[in-house]
Amino acid sequence: MASRFTFEAIGTSWAIYIPEDLSPEREKALLDAIRTRISDFDKAYSRFRDDSLVAEMSRKAGEYRLPDDALPMLSLYRELYDISGGLVTPLVGQTLSDAGYDAAYTLRPRADIARAKPWEDVIEYEHPMIRIKEPVLLDFGALGKGYLVDIVAEVIRGFGIQNYSVDAGGDIAYRGAAPLRVGLENPTDTKQVIGVGELKGGKCICGSAGNRRAWDRFHHIINPQTAESPKHILALWIVADTTLLADALSTALFFVGPEKLAKYDFEYAVVFADRSAVRSHNFPGDFFEA
């Protein structure tokens, strides 16, 4: 028998599938380890809880020691910050909160929405220390969920399990003998799919769309310099070797073209606002014909 875990955490639904027979004791130990690891990550990086490290930084300037797992996340953020001219940034937290995507999830924009300040004006980072020059609300939403999927997959492998599927709200890490087919959701009708992607060889997929977490004139991706959500893309999907990278690039492509991200190994499929669609040459899937 296979093992399946479904639960809610970090504001999304998780579904984990392991195609091997685990004893009840091993199942419980694994699920406990997964939940503990998710909780530890959330307590460090969530801007939605008052007791997190991020919340503390929003209240008080100073030097803070980050968890060891911060290094891949902050390093990738810094690279994408430079590539995008500051549009992909963890400093967008107050902008998101002012727009209504706040800790209480009010979805009521303020009259005056903060713009993100430049990285160097607010933080200095040399792992594991980060110096907060002035209180700032950081947001790791551009890649945090994808990174946590990778971390959970690592926990699973730590139990000697090599084949699995970890799905956190559509951010998926997969290892298995057979390819995994993934539906590409219609951004204008969530009950339909408009194509299929196929994961194999340990690949990961993340998608992003303006129809999810949308309110007023905003969705969950907001330009930190203009305080407006990009509207030229309806939905996109990224396939990469890690869910961290796939999640990060699914945000970055709202701000820069794929040619600016050529240093990374990834494939993409995009649906634009005019309903035209494009995919990279080696994207492992396709859109259905209209």
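Residues numbered from 1 in each chain as written. Predicted model: local features only at pLDDT ≥ 70, side-chain atom pairs only at ≥ 80, totals over all residues. Heavy atoms only, no water.

This part covers helix α7 (residues 243-252). Taking burial as the measure, the 10 residues of α7 include 10 buried ones, the bulk of the element. Elements that come into contact with the buried residues of α7 comprise α3 (70-83), α6 (144-158), β7 (171-175), β10 (204-209), β11 (233-240) and β12 (266-272). (Buried < 20%, exposed > 50% of the residue type's maximum accessible area, 1.4 Å probe, protein only. Helix = DSSP H or I, 4+ residues; strand = E, 2+ residues; numbered from the N terminus. Contact = heavy atoms within 4.5 Å.)

What follows is about unusual backbone geometry. Backbone torsion omega between H127 and P128 reads 5 degrees, so that peptide bond is classified as cis. Positionally, P128 belongs in the loop between β4 (123-126) and β5 (129-132). Even without a glycine there, the phi angle at I10 is positive, about 45 degrees. Tracing the backbone shows I10 in the loop between β1 (3-9) and β2 (12-18). In this structure, A227 is a non-glycine residue whose phi angle is positive, near 60 degrees. In this fold, A227 is placed in the loop between β10 and β11.

In this model helix α1 (residues 24-45) runs 32 Å from its N-terminal to its C-terminal C-alpha over 22 residues, within 8% of the 32 Å that 1.5 Å per residue would give. Among all positions in α1, only L30, I34, I38, F41, D42, A44 and Y45 are buried. On its buried face, α1 is in contact with β1, β2, α2 (53-59), α3 and α6. (Expected span 1.5 Å × (residues − 1).)

Right, let's talk about the sheet that holds β2 for a bit. Pairing is antiparallel in the open sheet, where eight strands are placed in the order β1-β2-β6-β7-β10-β11-β12-β13. Two strands close off the open sheet at either side, each with one partner strand: β1 and β13 (277-279). Put simply, the sheet's adjacent strands are angled 10 degrees from each other on average, direction ignored. Relative to β13, β12 runs antiparallel, the two being bridged by three bridges. When the sheet's bridge partners are listed, V271 is paired in β13 with A277. The strands touched by α1 within the sheet are β1 and β2, with β1 carrying the most contacts at an inclination of about 25 degrees. Across the face of the sheet, α6 comes into contact with β2, β6 (164-168), β7 and β10 while running at roughly 150 degrees to β6. (Pairing = 2+ DSSP bridges. Axes fitted to C-alpha atoms, helices over the stretch in contact; angles between N-to-C directions.)

That's the geometry; what it means functionally is another story.
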